[in-house]
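Each chain is listed here by its residues.
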Amino acid sequence: MLLRLPTSVPEAQQCLADGAVPIGGATLVWAAWQRDGFPELAVSLREVPEANAVGREALGGAVLLHRVDATVPDVLRLAAATIGTGAVRRTATVGGNIVGSTLRCLLPPALALDARATVLEPDGVREADLAEVVAKRPVLLGLRWRTPLASAYRKLPAEPGGQPPLVVASALHTEDGERRRLRVAVRDGYDVLTGTTRCGTGAGDALDALRDTALGDLPAAAWEVVRPQVTGLLEGSGQN
């Protein structure tokens, strides 16, 4: 297998046009390649600056999970810190988790942040929503979002051999400098559900409004996690 390491977006585009298979930390594909055979040509974005950004409103697809620090919102930082072991986090990438993984632990935080994806294709770079990224699995160049007022994350302990652990991610946003909007994303099993509501009064009203969204289909056990997280987020930000 020949691995190309482009140092710019145009070079990476050319690699894709040449048929190179994207590879990040290879934590999700190495076993399959050992079983089924390695591709002739692969490409990694680890030398492309845009794919390695870590900022207040941007996170590159080639960023290793252990590099996701307090620069980004809490909801993303806390999620990255709970993925796998330390050895996995020093190898696995943001793009690999969102695009290549079936668990996608970073997807609920990205949805809570209302993030948009920048994807790389052989004919150029474009913006995409996260639903398209999950469905079509393109090469993720990075994520962008607007800084939230506050955010929160919780992942329940996993039961060996059981379903993926419940994940609840939420973020409080501001609109027009005054109005507040709450976004909550929950991974229940392999499904990820989202709900959005404007926050004008108290946490109780916000929770009632969220029950009228797709989150209303969540089981009672999931709401036992959603309820205190939303209440703490709103009360902590002065939304009483």
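The structure this text deals with has already been given above.
The rules behind these values
- Residues numbered from 1 in each chain as written.
- Predicted model: local features only at pLDDT ≥ 70, side-chain atom pairs only at ≥ 80, totals over all residues.
- Heavy atoms only, no water.
- Buried < 20%, exposed > 50% of the residue type's maximum accessible area, 1.4 Å probe, protein only.
- Helix = DSSP H or I, 4+ residues; strand = E, 2+ residues; numbered from the N terminus.
- Arc of directions from axis to C-beta.
- Contact = heavy atoms within 4.5 Å.
- Salt bridge = Lys/Arg side-chain N within 4 Å of Asp/Glu carboxyl O.
- Pairing = 2+ DSSP bridges.
- Axes fitted to C-alpha atoms, helices over the stretch in contact; angles between N-to-C directions.

Draft legend 1. Focus on helix 8 (residues 203–210). Every buried residue of helix 8 is accounted for by Ala203, Ala206, Leu207 and Leu210. For helix 8, the arc enclosing every buried residue in end-on projection is 100°, short of the 170-degree limit, so these residues lie on one face. For helix 8, the elements touching its buried residues are strand 11 (179–188), strand 12 (191–199) and helix 9 (220–236).

Draft legend 2. Inspection of the pattern of salt bridges at higher detail. One pass over the full model with this rule turns up eight salt bridges. Salt-bridge contacts for arginine 77 lead to aspartate 74; the nearest nitrogen and oxygen are separated by 3.3 Å. Here arginine 77 pairs with aspartate 74, and both are found in helix 3 (residues 74–81), just three residues apart, close to one helical turn. By relative accessible area, arginine 77 is classed as partly exposed at 27%. Its relative accessible area of 36% is what places aspartate 74 among the partly exposed residues. Residue lysine 136 is joined to glutamate 132 by a salt bridge in which the shortest nitrogen-to-oxygen separation is 4.0 Å. Taken as a pair, lysine 136 and glutamate 132 lie in helix 7 (residues 130–136) at a separation of four residues, close to a single helical turn.

Draft legend 3. Examining unusual backbone geometry more closely. Even without being glycine, arginine 104 reaches a positive phi, approximately 50°. Inspection of the secondary structure assignment puts arginine 104 in the loop between helix 5 (94–100) and helix 6 (107–112). By relative accessible area, which is 13% here, arginine 104 ends up buried. You will see that arginine 137, though not glycine, has its phi angle at about 55°, which is positive. Residue placement: arginine 137 occurs in the loop between helix 7 and strand 8 (139–144). According to the relative accessible area criterion, arginine 137 is partly exposed, its value standing at 45%.

Draft legend 4. The arrangement of the sheet that holds strand 9 (residues 150–155) in detail. Taking strand neighbours across the sheet as the criterion, the four strands line up as 9-10-11-12 in an open arrangement whose pairing is antiparallel. The strands lining the two open edges of the sheet, one partner per strand, are strand 9 and strand 12. Adjacent strand axes in the sheet meet at a mean angle of 15°, parallel and antiparallel pairs treated alike. Where strand 11 lies against strand 12, nine bridges are found, and the strand directions are antiparallel. Bridge assignment links arginine 181 to a residue of strand 12, and that residue is arginine 198. The strands touched by helix 3 within the sheet are strand 9 and strand 10 (167–175), with strand 9 carrying the most contacts at an inclination of about 20°. Contacts from helix 9 reach strand 9, strand 10, strand 11 and strand 12, with the element oriented near 30° to strand 10.

In short, geometric facts, not functional conclusions.
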